Each structure stands twice: as C-alpha cells, then as structure tokens.
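Residue-level structural notes
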Amino acid sequence: MRGIDSTISAITLNSVHLEGGPSTLSGNVVLAELNEVICSAEKIKIRHGNGYEHYEFIDAPVTPDAAALDDASGPLKLRWVGRTKIAE
C-alpha cells in the first residue's frame, strides 16, 4: 500500500466500516489489503478502477494515538462523499 500518512497509519492495521460508494468497497474492509490508500485526519481516498473513492470519518477525527483506535465500539466508520477520476 502506498500513500499512507504516517501519523494515522495505525488505522490501516484494523478494519474500517465503509458506508456508501461502490459495492465492492462497502462494509468492513482492511485498508492494508487495498492497492492504494491516501489518508488524512479528515478523509481517506481509495484507488478504485480509474479513480479514487473519497470517504470521510463519521465517528470522530482520527488521532495518531493508537490506543484511541482500539475502542471496543468496533471499527471506525467512514461515509462515501464522492469520486474523482485520475487524469490521463
């Protein structure tokens, strides 16, 4: 996987729950198993086909504190907000 912001890369070790977007990216997924993921504190971009699927955090902003990511409430939840195509 490429393009992961090192301050929040701990989320890539666990599964996240994606709502909306393409059916192949919905539900619980492990980001480390995907081809290309770009993370920030507010969003995640996932390379999918000829573009990127954009997801925003629903629960709370991600912190670099790994202990905060091990919450017993389950995986972090993200909602699909749009798609951009890769320029050729």
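Presented here is an overview of the structure given in this document. Being a predicted model, the structure only gives us computed values, none of them experimental.

Remarks on the sheet that holds strand S6 (residues 76-85)
- In space, the six strands of this open sheet follow the order S2-S1-S6-S5-S4-S3, with mixed pairing throughout. Each edge of the sheet is formed by a strand with only one pairing partner; in this case those strands are strand S2 (27-30) and strand S3 (37-39). Between one strand axis and the next, the sheet turns by 35° as a mean value, whatever way the strands run.
- In terms of strand pairing, S3 meets strand S4 (residues 43-48) through three bridges, oriented antiparallel. Along S4, the bridge assignment pairs Cys-39 with Ile-44.

Examining the nonpolar core
- The biggest cluster of nonpolar side chains holds 12 residues, and these are Val-16, Leu-18, Leu-25, Val-29, Leu-31, Val-37, Cys-39, Ile-44, Ile-46, Tyr-55, Phe-57 and Leu-78.
- The set of elements that each furnish at least two residues to this core consists of strand S1 (15-19), S3, S4 and strand S5 (51-57).

Section: the pattern of salt bridges
- If you walk through the whole model with that rule in mind, you get three salt bridges.
- Across the pair Arg-79 and Glu-19 runs a salt bridge whose closest N-O atoms are separated by 4.0 Å. Of the two residues, Arg-79 sits in strand S6 while Glu-19 sits in strand S1, which places them 60 residues apart along the sequence.
- By relative accessible area, Arg-79 is classed as partly exposed at 44%.
- Residues Arg-83 and Glu-53 are paired through a salt bridge, measuring 2.6 Å at the closest nitrogen-oxygen approach. Taken together, the residues span a long stretch of sequence, with Arg-83 in strand S6 and Glu-53 in strand S5 at a distance of 30 residues.
- The class of Glu-53 is buried, set by a relative accessible area of 3%.

Here is what the cut-offs are and how they apply
- Residues numbered from 1 in each chain as written.
- Predicted model: local features only at pLDDT ≥ 70, side-chain atom pairs only at ≥ 80, totals over all residues.
- Heavy atoms only, no water.
- Pairing = 2+ DSSP bridges.
- Helix = DSSP H or I, 4+ residues; strand = E, 2+ residues; numbered from the N terminus.
- Axes fitted to C-alpha atoms, helices over the stretch in contact; angles between N-to-C directions.
- Core = buried A, V, L, I, M, F, W, Y, C linked by side-chain atoms within 4.5 Å.
- Buried < 20%, exposed > 50% of the residue type's maximum accessible area, 1.4 Å probe, protein only.
- Salt bridge = Lys/Arg side-chain N within 4 Å of Asp/Glu carboxyl O.

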